[in-house]
Amino acid sequence: MIEGIWTLIGDDLPALQIAVPLLAATLCILVRRPMAAWSVAMVVAWSSFANAGVLLHRVLTTGTISYAEGGWPVPWGIELRIDLLNALVLLVVTGICAIVLLAAPRSIKAEIPRDKQYLFYATYLLCMTGLAGMTITGDAFNIFVFLEISSLSSYALISQGSTRRALTSAIQYLVMGTIGGTFILLGIGMLYMVTGTLNIVDLADQLALVGPNRTVLVAAACIAVGVGIKLAVFPLHIWLPNAYTYAPAIVTAFIAATSTKVAYYVLIRFAYSIFRINLTFDGTQPSAILMMLGIAAMFLGSLVAIFQDDIKRMLAYSSVAQIGYMVLGLSFANEYGLTGGLVHVFNHAVMKCGLFLVLACVLLRMRSTRLSAFEGLGRRMPLTFAAFVLGGLSLVGVPLTVGFVSKWYLVLGALEAGLWPVAVLILMSSILALVYIWRVVEVGYFKAPPEGADEITEAPVSMLLPTWILIGSTLVFGVWTSLSAGVASAAARMLIGGGS
Amino acid sequence: MTAATAVGLAVAWPLFAVVLIIAFQRWPNLRETGTLLTGGSLFAIVAGVILPEVQAGGRPRFDVWEVLPGLDLAFEVEPLGMLFGLVASGLWIVTTFYSIGYMRGHHEKNQTRFYICFAIAISGALGVAFAANVFTLFVFYELITLSTYPLVTHAGTEKARNAGRMYLGILMGTSIAFLLFALVWTWLATGTTDFRPGGILAGKVEGPQLMILLALYAFGTGKAALMPFHRWLPAAMVAPTPVSALLHAVAVVKAGVFTILKVVVYVFGIDLLAATDASRWLTWVAAFTIIAASCVALGKDNLKARLAYSTISQLSYIVLGAALATTAGVIGGGMHIVMHAVGKITLFFCAGAIMVGAHKTEVSELDGLGRRMPFTFGAFLLGSLSVIGLPPMGGSWSKWFLMLGAAEAGQWVMMVVLMASSLLSIGYLMPVVVRGFFRSAPVDDGHGDHAGSGIHEAPLLCVLPPVATALGGIVLFFYAEDIWQLLMGMVP
Amino acid sequence: MIEWGLYNYWVVIFLMMTGLYVVIARGNLIKKIIGLNIFQVSVIMFYVSMGKVKGGTAPIEAAGFEVYSNPLPHVLMLTAIVVGVATTALALALVVRIKEAYGTIEEDEIRQIESNEDAS
């Protein structure tokens, strides 16, 4: 029977990646009870994760997967196209979705009223649909559609935070995100106007025929700005700190690890697969601009993080810095740099999600994520705090952790491009990360727990488990790198080689 | 057990102690027995299985895992690493005995955490000693930093926390900013980070770049306390004395200078350095550190601080030996790792014994104490002679080889520097002995209840170790030939 | 010289700039949403006007007609309009909640309330 089901759906796995969560979201709305909705979400999320694993395996063994939706032939119909690049990103996205969901019920109990929790799960699944769709589609306009699906659901998720600041953060993100999305739409429109097609592979071919053209340049600029807003690249990152800080803890863990990563993927896809990175804006290489923005993000993000009192906000600024690393890797335009950026997608997702889950645990027990809530936490919640220390060391880039793998490739990329000052800057910013992480570690281990604190116990297993799955992964994948770095470097080679 | 598996086992073995310590944490005597058993068996493995193989010319290798293409975790033991491994595993046993005496005598808290971090730090030291390439060395180098941080900040006070900040800040800062850079550069230039006899950089890195790369390695190894990155050492004196003994003899600082020595011999190759004169500047930095640190030591009244600056000075002897890029210099440096370890650990043990037994920390307070604590001060005398470099202490041999190395390189100034440093070390070490034995104790020293003469030593477990290591220094004087034989295997 | 045949692009630019200006310069949240809408409409206009072919008729197959306007941009814009509607609905819902929580929908007043909260 398994055989039968497999032959039935085996070819349609890419489409199921989008269809199943979408339908399940509706199912969650019909099912009113929170735990039932959660069960539906769990089944769907984990099967999507398994699906992503199967797809990655298929891409590794047989090459790029091309799936024509609805059977319409490819340049005219919408294509789902999975190659090494988006298979890796898909794995990360679905994996994070699945693991974070483990911690969800306990965590949102404190932040979302019981009669709205089923809606939370529905929106969560919708967001997952949008992100997965954005990742695997091979059609430029489809990217916009799924982008808006995921964005709208993220706005809704963020607004569920327990303070009223969540509302203002959500609307700030909404305004900026919509402007970004609309710019992307504009850019895609211009590309369509010039080439007459929306399929990514076809766009690339047609653009090569068109040659240098001002419309194409403006389209590239519009898309870059639009994606830049979603990617929160400096200086378009203004929405990020508020959105991450005031959203429910689980939502922050989820979104921090996925939405900016998918935006980064979209940027790479447009840069390499469509524009084939041979654009010059009157002598200014776009890579030089990206490099400067990346360096600015690295330093300013880390510096501002050092002075934050709310640790969630600190990690949000840290994310801005880490996105700077990814953009920097992209700007080197060589294999090592691109590998560094891609492997950092994987590594940062694992690290940051783990750290935000730690904060979710702390929030649950201490009802605050300010630095003062961490006093003496090393003694009262030892497992949770140990997870923070390990995740923090990974952010710094201690060898045998995933952070080191990313740093390795980024520094290699910088040196390979002949830019040793940039390599020095990358290493300096790691030291800044050490400063802001160690602030928290000191408070946790050196300060005594405040007098009169209730008997604070360790976080519940349902939340500790996903936290340690992710933090454990920062160690496992820091040593076993053939999945993350191996696939990333193969994808980078493929992109630079011009294939798809 | 083959030597190859012994190598892998030796690095992981101290972690077995961690298991025992956690299991027996409620029964202190059992807990300490766990550490001692592990330490004893570790030394047996290192000295009994690995040493004969290396002495015979073998280079046992243990591959663990390839982390990234071209970056693998692997161990391979060669003479210098063998020596450092012996020092680390041997002195762990002695330090554990001393710790038992000190920690209990001082009624210290958190002893379980202390012994656990100790064990992990020793594992790190062995990892550094047996590393087959720069990457593996880097991994265990960072492990040492992280595992010794809780030891340095053991007291949990504000002062300890600030010292911990400087410790971590300088050590991790230099290792990330410089050492990691050097690692990546080496890999990019040569495709590997392996330690090979004769070095791997010949023909791959030339001219001024060679000097810059050497600078990155030298300053990136913050544990070697080359000025200006030395401030962490005196700051770390806030730690309990067994930790200072560990830091200054066994794990941390020796890992630092060992790294520099190993990199000079096996990554650069002394022939390359001698031919291109790329390490000349390092001899000057080392010389400056030697003299400047000795001068500062002269002015320090706190005994541990004085010993800290003495350590900074002595470490640069080894760096100087490496930088001279001659066979004798390198052998002298390697030998000094052993001699200084034994000599300095004696001095620190004595300082701790004085603290536990007489509650004194400043040199000016030590008048007449020698007569009440003759064994402690006797050991201090022998340790001082070793550090100063006088026979019949082992330290005289390492100094001899360093001078020989300077002569071989034609660097007469360095010979003068070494001799001047000996004089300065007489200046800051002998007053302790002189005050202790030849001055009379002040009338009212707060110890009214032991008025009058008579021996009132520190607890036995605080006195036996320094006496043992002091005598060890004499023994090493006669074993210097064997050490020389072993180290000759370094240079082809 | 101004190309009068390209007047549709001028309309698009005018709407786009107006929309962006309103979003940035107006403090009232409802006005911001309106500005956002105008901005989105400009892009919709861009696509739709792009689809029109000179002399082309509606894209429904019929005898006697050779030149049809391009239906694809119109279809794409149906999606975009729906997205715009959803965004507006969500934004308005948020504004209602903000009004309940803060008592005002003026951005500067909200900012004042928040900074007072931070200071205390």
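This text goes with the structure placed above it.
Everything numeric in this text was worked out from a predicted model, so none of it was measured. (Residues numbered from 1 in each chain as written. Chains lettered and ligands numbered in written order. Predicted model: local features only at pLDDT ≥ 70, side-chain atom pairs only at ≥ 80, totals over all residues. Heavy atoms only, no water.)

Draft legend 1. Structural context of the pairing of strand β2 (residues 79–82) of chain A. Residue and element names in this part refer to chain A. Side-chain alternation along β2 places Glu 79 and Arg 81 on one buried face and Leu 80 and Ile 82 on a second face that is also buried. Pairing between strand β1 (residues 65–68) and β2: 4 bridges, direction antiparallel. Looking at the pairing, Tyr 67 lines up with Leu 80 of β2. (Buried < 20%, exposed > 50% of the residue type's maximum accessible area, 1.4 Å probe, protein only. Helix = DSSP H or I, 4+ residues; strand = E, 2+ residues; numbered from the N terminus. Pairing = 2+ DSSP bridges.)

Draft legend 2. Main features of the interface of chain C and chain A. Facing 35 residues of chain C, the contacting portion of chain A comprises 27 residues. When chain C packs against chain A, close to 2900 Å² is buried across both sides, 79% of that on carbon and sulfur atoms. The three residues of chain C that bury the most area against chain A are C:Tyr47, C:Leu90 and C:Leu94, which together make up 17% of that side's buried surface. The interface formed by chain C and chain A contains 3 salt bridges. In this structure, C:Asp118 and A:Arg165 form a salt bridge, with 3.0 Å as the shortest nitrogen-oxygen distance. Taken together, the connections running from chain C to chain A amount to 9 residue pairs in polar contact (both at pLDDT 80 or more). Elements supplying a minimum of two residues to the side of chain C that touches chain A: α1 (7–25), α2 (29–51), α3 (71–102) and α4 (107–119) of chain C. Looking at the side of chain C that touches chain A element by element, the count peaks at 17 residues for α3(C). A per-class count over the side of chain C that touches chain A returns 27 nonpolar, 4 polar and 4 charged. (Contact = heavy atoms within 4.5 Å. Buried area = accessible area lost by both parts, 1.4 Å probe. Salt bridge = Lys/Arg side-chain N within 4 Å of Asp/Glu carboxyl O. Polar contact = N/O pair within 3.5 Å; in protein donor to acceptor, adjacent residues only side chain to side chain. Nonpolar A, V, L, I, M, F, W, Y, C, P; charged D, E, K, R; others polar.)

Draft legend 3. Looking closely at the arrangement of the chains. The assembly contains 2 pairs of chains in contact; the pair sharing the most contacts is chains A and C. Note that chain B does not reach chain C: the shortest distance linking a C-alpha of one to a C-alpha of the other is 29 Å.

Draft legend 4. Unusual backbone geometry, seen in detail. Here the residue pair A:Phe234 and A:Pro235 is connected by a cis peptide bond, since its omega of 0° sits within 30 degrees of zero. Mapped onto the elements of the fold, A:Pro235 is located in the loop between α9 (214–231) and α10 (239–246). That bond from B:Pro391 to B:Pro392 is cis: its omega, 0°, falls within 30 degrees of zero. For A:Ala232, which is not a glycine, the phi torsion comes out positive at approximately 60°. Examined against the element boundaries, A:Ala232 turns out to sit in the loop between α9 and α10. A positive phi angle, near 60°, is found at A:Arg367, a position not held by glycine. By the element assignment, A:Arg367 lies in the loop between α14 (335–366) and α15 (377–380). According to the relative accessible area criterion, A:Arg367 is exposed, its value standing at 68%.

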